[in-house]
Amino acid sequence: MAAEWRIGIGYDIHAVIPNRVLMLGGIEVPADFGLSGHTDGDVVLHAVIDAMLGAAGLPDIGEHFPDGDPAHKGRRSSELLEEALREVNGLGWWINNLDLTIRAEKPKLAEHKNRLRQSLAGLLSLDPERIGVKAKTNEGFDAVGEGRAIACEAALILKRGVE
Ligand code: MG
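Reading the values: the criteria
Throughout this document, residue positions are counted from 1 along each chain, in the order its sequence is written. Side-chain atom pairs in this predicted model are given and counted only at pLDDT of 80 or more, local residue features only at pLDDT of at least 70, and totals for whole chains, interfaces and linings cover all residues. The basis for every side-chain value is the complete set of heavy atoms in the structure, and neither hydrogens nor water enter the calculation. A run of DSSP states H or I qualifies as a helix once it reaches four residues; a run of E qualifies as a strand once it reaches two. Both are numbered from the N-terminal end. Any residue under 20% of the maximum accessible area for its type is buried, any over 50% is exposed, and the rest in between are partly exposed; the area is computed with a 1.4 Å probe on protein chains only. When checking whether two residues touch, look at their non-hydrogen atoms; a contact exists if any pair is within 4.5 Å. Every accessible area reported is derived by Shrake-Rupley at a probe size of 1.4 Å, with residue values counting cover from the shown protein chains alone. Coordinating N, O and S atoms are those within 2.8 Å of the metal (3.2 Å for Na, K and Ca), and as water is not part of the atoms, a site may appear to have fewer donors than expected. The criterion for strand pairing is that DSSP finds at least two bridges linking the strands in question. The angle between two axes is taken between their N-to-C directions and runs from 0 to 180 degrees, where each axis is a line fitted to C-alpha atoms and a helix contributes only its stretch in contact. Lining residues are those with an atom within 4 Å of a point, where the points come from a 1 Å grid over the protein atoms alone and group into cavities, where a 1.4 Å probe fits but cannot get out, or pockets, open sets with protein on both sides within 12 Å along at least five of seven lines. Grid points are joined across faces, edges and corners, and a volume is the space filled by probe spheres set on the points. Gly falls in the polar group here, along with every residue not listed as nonpolar (Ala, Val, Leu, Ile, Met, Phe, Trp, Tyr, Cys, Pro) or charged (Asp, Glu, Lys, Arg). Orientation labels follow simple angle bins: below 35 degrees gives roughly parallel, above 145 gives roughly antiparallel, 65 to 115 gives roughly perpendicular, and whatever is left gives oblique.

1. As for the overall build of the protein chain
Stage number 1. When its secondary structure is counted, the protein chain shows five helices and seven strands.
Stage number 2. Going from the N terminus to the C terminus, the protein chain shows its helices and strands as β-β-β-β-α-α-α-β-α-β-α-β.
Stage number 3. The principal-axis extents of the C-alpha atoms in the protein chain amount to approximately 50 × 35 × 25 Å.
Stage number 4. Counting every position in the protein chain, which comprises 163 residues, the buried fraction comes to 47%.
Stage number 5. Considering only intrachain contacts with a sequence separation of at least 6, the fraction spanning at least 24 residues in the protein chain is 73%.
Stage number 6. Taken as a whole, the protein chain presents about 8,000 Å² of accessible surface, with 52% of it coming from carbon and sulfur.

Here it is in structure tokens:
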């Protein structure tokens with residue numbers, strides 16, 4: 001089969017809430033708040049899952065793991081990522097590279113970027129060199145800028161076949 005390449009994008013935003021562990025990219029990030037959500041609220045992994053499913057032409061994360069389904073309540077997002085990856089791999093696709101932008105006013109993510117990248121590399125069985133992690137504030141604008149939410153955009157390339 002000739003090589004085939006597909007691009008995918010994903011986006012997610014979750015509200016900041018107290019009394020919850022902040023999970024980003026499969027790691028705990030020290031903060032005095034976490035993110036809302038039916039699962040652990042890992043906005044980074046949700047964006048990655050949607051980018052992957054979208055590139056493969058599959059239904060989105062909401063269809064795969066419906067909010068209203070008690071079976072998914074409290075699940076770790078890393079489990080959802082593993083399931084989505086297995087499905088995508090089953091169609092012959094593998095990830096060529098991943099690029100992320102996380103938008104958070106706080107906590108400062110600069111010191112956690114490398115750990116986050118290593119976590120994603122492990123979860124996706126991908127060389128860290130193929131993963132880009134950018135962290136930005138939102139310069140005070142909108143809910144993210146006011147520290148009421150954290151958002152993430154992900155883009156990735158899927159490949160299958162050989163050249
Ligand atoms: Mg989400």
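Further notes follow.
2. Considerations on the coordination of the magnesium ion
Stage number 1. Protein ligation of the magnesium ion involves Asp12 (OD), His14 (NE2) and His46 (ND1), the donor distances falling in the range 2.0 to 2.3 Å.
Stage number 2. Mapped onto the polypeptide sequence, the residues donating to the magnesium ion form the spacing pattern D-x1-H-x31-H. Of this pair, Asp12 sits in strand 1 (residues 4-17) while His46 sits in helix 1 (residues 43-55), and the two are 34 residues apart along the sequence. Taken individually, Asp12 and His46 each receive the classification buried, so the pair is uniform in this respect.

3. With respect to the sheet that holds strand 1
Stage number 1. In space, the five strands of this open sheet follow the order 4-1-7-5-6, with mixed pairing throughout. Edge strands, defined here as strands with exactly one partner in the open sheet, are strand 4 (34-35) and strand 6 (131-136).
Stage number 2. In terms of strand pairing, strand 5 (residues 94-103) meets strand 7 (residues 149-160) through nine bridges, oriented antiparallel. In the strand pairing of strand 7, Asn97 is matched with Ile157.
Stage number 3. Strands strand 5 and strand 6 of the sheet are contacted by helix 4 (residues 113-124), whose axis makes an angle of about 140° with strand 6.

4. Overview of the layout of surface pockets
Stage number 1. Considered as a void within the structure, the largest pocket measures approximately 190 Å³ in volume.
Stage number 2. In terms of lining residues, the largest pocket is bounded by Asp12, His14, Gly37, His38, Thr39, His46, Ile61, Gly62, Phe65, Asp67, His72 and Leu80.
Stage number 3. Among the elements of the structure, strand 1 and helix 2 (61-64) are those that each provide at least two residues to the lining of the largest pocket.
Stage number 4. Residue composition of the lining of the largest pocket, by class: three nonpolar, seven polar and two charged.

5. Considering the packing of helix 1 against helix 3 (residues 77-90)
Stage number 1. Axis separation between helix 1 and helix 3 bottoms out at 10 Å; the angle between their running directions is 10°. Relative to helix 3, the element helix 1 lies roughly parallel. Residues Leu45, His46, Val48, Ile49, Met52 and Leu53 of helix 1 form the contact with helix 3, whose own contacting residues are Ser77, Ser78, Leu80, Leu81, Ala84, Leu85 and Val88.
Stage number 2. Among the residues making up the contact of helix 1 with helix 3, the classes are represented as ten nonpolar, three polar and no charged.

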